[in-house]
Amino acid sequence: MKDYDLIVVGGGHAGVEASWAATKFKKKVLLITMNVDTIAQLSCNPSIGGLAKSHLVKEIDILGGLMGRAADATGIQFKTLNISKGPAVWALRTQNDKMAYSFYMRKKLEENPYIDIVQDEVVDMDFSNDRFNSITARLNGIIKGKKLILTSGTFLNGLIHIGKNKIKSGRLGEGAASHLTEKFNNLGFETIRLKTGTPPRISGSSINFEGLDIHGSDKEIVNFSFKSDGSRIKQLPCYITATNETTHQIIEDNFHNTALFSGQIEGTGPRYCPSIEDKVNRFSGKNSHRIFLEPEGLYTNEYYINGFSTSLPMEIQKKAIRTIKGLENAHFVRPAYAIEYDYFPSYQIKTSLETKKVEGLYFAGQINGTSGYEEAASQGLVAGVNASLSIDGRDPMIFKRSEAYIGVLIDDLITKDIREPYRMFTALAEHRLELRHDNADFRLLKYAKKYHLHNDEDIEFLENRISRIEELKEYYKGITIKKDQVNSILEKKNLPKVNEGSKLVKLLKRPQIEIDDIYSLGVIDLEKYSKYECKQAEILTKYEGYIARQREIIERSEKNESLKMPSNFDYKKFSGLKNEAIEKLNRIQPDSVGQAGRIAGISPADVSIILINLKKGGYIK
Ligand SMILES: Cc1cc2nc3c(=O)[nH]c(=O)nc-3n(C[C@H](O)[C@H](O)[C@H](O)COP(=O)(O)OP(=O)(O)OC[C@H]3O[C@@H](n4cnc5c(N)ncnc54)[C@H](O)[C@@H]3O)c2cc1C
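Residues numbered from 1 in each chain as written. Predicted model: local features only at pLDDT ≥ 70, side-chain atom pairs only at ≥ 80, totals over all residues. Heavy atoms only, no water.

Points about the state of the cysteines
Evaluation of the coordinates by the stated rule reveals zero disulfides. Of all cysteine sulfurs in the structure, the one in Cys44 sits closest to Cys238, which takes part in no disulfide; the separation is 14 Å. Judged by relative accessible area, Cys238 falls into the buried class, the value being 2%. (Disulfide = S-S within 2.5 Å. Buried < 20%, exposed > 50% of the residue type's maximum accessible area, 1.4 Å probe, protein only.)

In structure tokens, the structure reads:
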């Protein structure tokens with residue numbers, strides 16, 4: 001087989017974005033994956049986005065990635081979450097046609113002339129001289145490449161648990177990758193077991209939907225991608241039901257039969273996404289848990305039973321599920337299961353996602369300890385860009401925590417000791433107001449431009465959109481609303497009246513008043529602006545003070561980010577540090593004083609000692 005610039009192992013969410021991103025740099029990519037039919041498979045929930053994850057999707061979109069476009073094109077339900085709260089935590093979530101999503105991605109990759117796709121299993125890799133040289137695929141043999149991105153998801157020594165049953169598998173019905181972990185361990189890489197789980201899939205024709213609450217799409221649909229034209233495939237509703245005391249009793253009686261409680265599972269699972277047995281155990285006072293019945297697509301009758309992930313034996317799963325309203329006659333198409341897999345604790349990678357030990361080898365996705373399609377896709381994109389930049393001898397693309405959720409994600413990975421599946425939450429971002437899901441273009445367009453991640457037309461569109469929002473914000477500043485008109489709005493909202501007219505911007509700063517209220521007075525002309533632009537200008541006006549304060553904080557905190565730490569350094573040479581701090585600094589090798597300060601176990605006092613030593617050693621002025 002011919003040589004490639006980049007070899008991407010794994011066609012999951014990380015692998016797809018990595019391959020796609022590298023082609024922006026005209027790199028010849030080989031995407032090698034165990035089963036071409038499962039490219040970009042939504043292994044668990046047929047859904048994209050949600051709290052904090054939607055921020056990642058929006059960022060991926062501005063950085064030229066595919067996820068947002070695929071989610072828009074294959075969405076069977078669109079919902080903006082948290083709309084009653086502040087814009088920092090608004091989030092879009094789509095329910096997706098699982099097969100259409102996968103086909104969309106596969107087609108995009110197949111149509112790209114820089115990508116070759118091969119179905120095969122990678123069983124070995126050559127890392128002689130501490131650099132990546134080639135892979136060995138089971139059927140295709142040795143294939144050389146300049147860089148390698150490993151995105152093998154839950155497949156490294158994947159082991160499925162259903163009650164006492166154990167199946168070697170990366171996903172139910174697929175094989176596990178059993179040859180690679182040992183290779184990495186022999187090179188000195190650390191691997192640990194993690195665990196995740198999935199609920200059963202039930203045939204829709206066996207569900208009695210009558211009397212269940214219906215959960216439909218928002219009336220006003222918004223998109224993830226600025227490139228989406230708003231067209232929709234058929235929309236489908238979800239249904240809501242709940243467990244009850246009988247369900248819980250069956251589960252409790254069978255705690256000893258679950259792989260989770262019997263000690264059969266070694267790996268740590270996500271606390272934020274507990275299995276049903278975990279919920280029944282941890283919240284024993286609660287006699288009901290909500291269950292969402294989510295359609296898996298337009299061409300299948302399967303329903304994803306959201307909220308009922310379990311490792312109970314098959315017959316107990318059936319017994320428990322059939323106690324739930326609407327599921328009395330449930331026909332199981334696929335069982336729920338838990339899966340354990342190997343991951344690489346992520347202190348072993350750099351901010352670029354290149355491994356510290358092997359030059360030219362990048363890790364992205366679930367193997368870095370994350371969980372979730374969006375987290376995987378974000379890393380894939382970054383790894384694809386950085387591997388390409390490295391081939392061209394350029395510096396990596398690195399985001400600050402104040403610039404992007406992707407920056408927060410990667411900084412957390414390389415800085416924190418991740419020992420349970422990591423997923424993105426808005427609470428993890430300290431600069432939330434700045435990192436809204438609606439302003440990814442303001443924050444990241446400069447990177448899209450610098451690395452040509454979009455074509456000229458799209459860049460021009462985004463630039464124009466930003467200038468129009470700035471222009472609109474200025475326009476708002478010049479408008480004064482007469483007293484009677486102000487009072488007509490206030491009256492409708494049961495707010496006390498005023499004695500004089502008001503500047504539009506002052507009115508907008510009131511939480512209860514929106515630009516639509518002012519528009520309805522007929523005193524402003526917004527005809528030439530899109531709804532999105534009007535809303536953006538409104539947010540920037542309404543939260544101007546808070547945003548300005550946040551920017552001051554960011555500026556102050558960035559002082560420590562710009563103070564670089566020495567690389568490959570032995571911190572025993574720094575006097576005054578306690579052993580725990582030395583061990584952590586030696587292991588993580590932070591890039592900056594700012595990053596050092598975020599390491600768990602490094603105190604503000606340690607940071608002062610580091611600063612003194614850096615000055616003494618002449619590392620900083
Ligand atoms: C049962 C289950 C439950 C889950 N539950 C949740 C959940 O509740 N919440 C959540 O957010 N996420 C969940 N996930 C995780 C979510 O699916 C992943 O986070 C996401 O898919 C990771 O993307 P990835 O690209 O890293 O890997 P994957 O999507 O897993 O893709 C890995 C790809 O690598 C390929 N591959 C592996 N080894 C090799 C090899 N040696 N040679 C060639 N190809 C190889 C595989 O064929 C596969 O295509 C779950 C996953 C599973 C399997």
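Describing the packing of aromatic side chains
A complete count under the given rule lists 19 aromatic pairs for this structure. A centroid spacing of 5.1 Å and a plane angle of 75 degrees characterise the contact between Phe184 and Phe344, whose relative ring orientation is edge-to-face. Of this pair, Phe184 sits in helix H5 (residues 180-186) while Phe344 sits in the loop between strand E19 (337-343) and strand E20 (361-363), and the two are 160 residues apart along the sequence. In this structure, Phe184 and Phe344 share a single accessibility class: buried. When the ring of Phe569 is compared with that of Phe574, the centres are 5.1 Å apart and the planes differ by 55 degrees; the resulting orientation is tilted. Exposure class is identical for Phe569 and Phe574. Each is buried. (Phe/Tyr/Trp six-rings, centres within 6.5 Å; stacked < 30°, edge-to-face > 60°. Helix = DSSP H or I, 4+ residues; strand = E, 2+ residues; numbered from the N terminus.)

Some thoughts on the domain arrangement of the protein
Domain boundaries assigned for the protein yield domain 1 (201-338), domain 2 (456-549) and domain 3 (562-616). Just the C-alpha atoms count here: the centres of domain 1 and domain 3 sit 46 Å apart. (Domains from an automatic or database assignment.)

Description of helix H2 (residues 53-62)
In terms of burial, H2 is a largely internal element, 10 of the 10 residues being buried. Within the span of H2, buried status applies to Lys53, Ser54, His55, Leu56, Val57, Lys58, Glu59, Ile60, Asp61 and Ile62. Looking one or two residues beyond H2, the residue adopting positive phi is Gly64, at roughly 90 degrees.

Observations regarding the side chain of Gln379
Note that Gln379 resides in helix H9 (residues 373-391). Looking at Gln379, its side chain comes within polar contact range of the main-chain nitrogen of Gly365, at 3.0 Å. Among the polar contacts listed, one links the side chain of Gln379 to the side chain of Thr370, at a separation of 3.1 Å. In contact with Gln379, not counting residues within four places along its chain, are Leu353, Ala364, Gly365, Asn368, Thr370, Leu409 and Leu413. (Polar contact = N/O pair within 3.5 Å; in protein donor to acceptor, adjacent residues only side chain to side chain. Contact = heavy atoms within 4.5 Å.)

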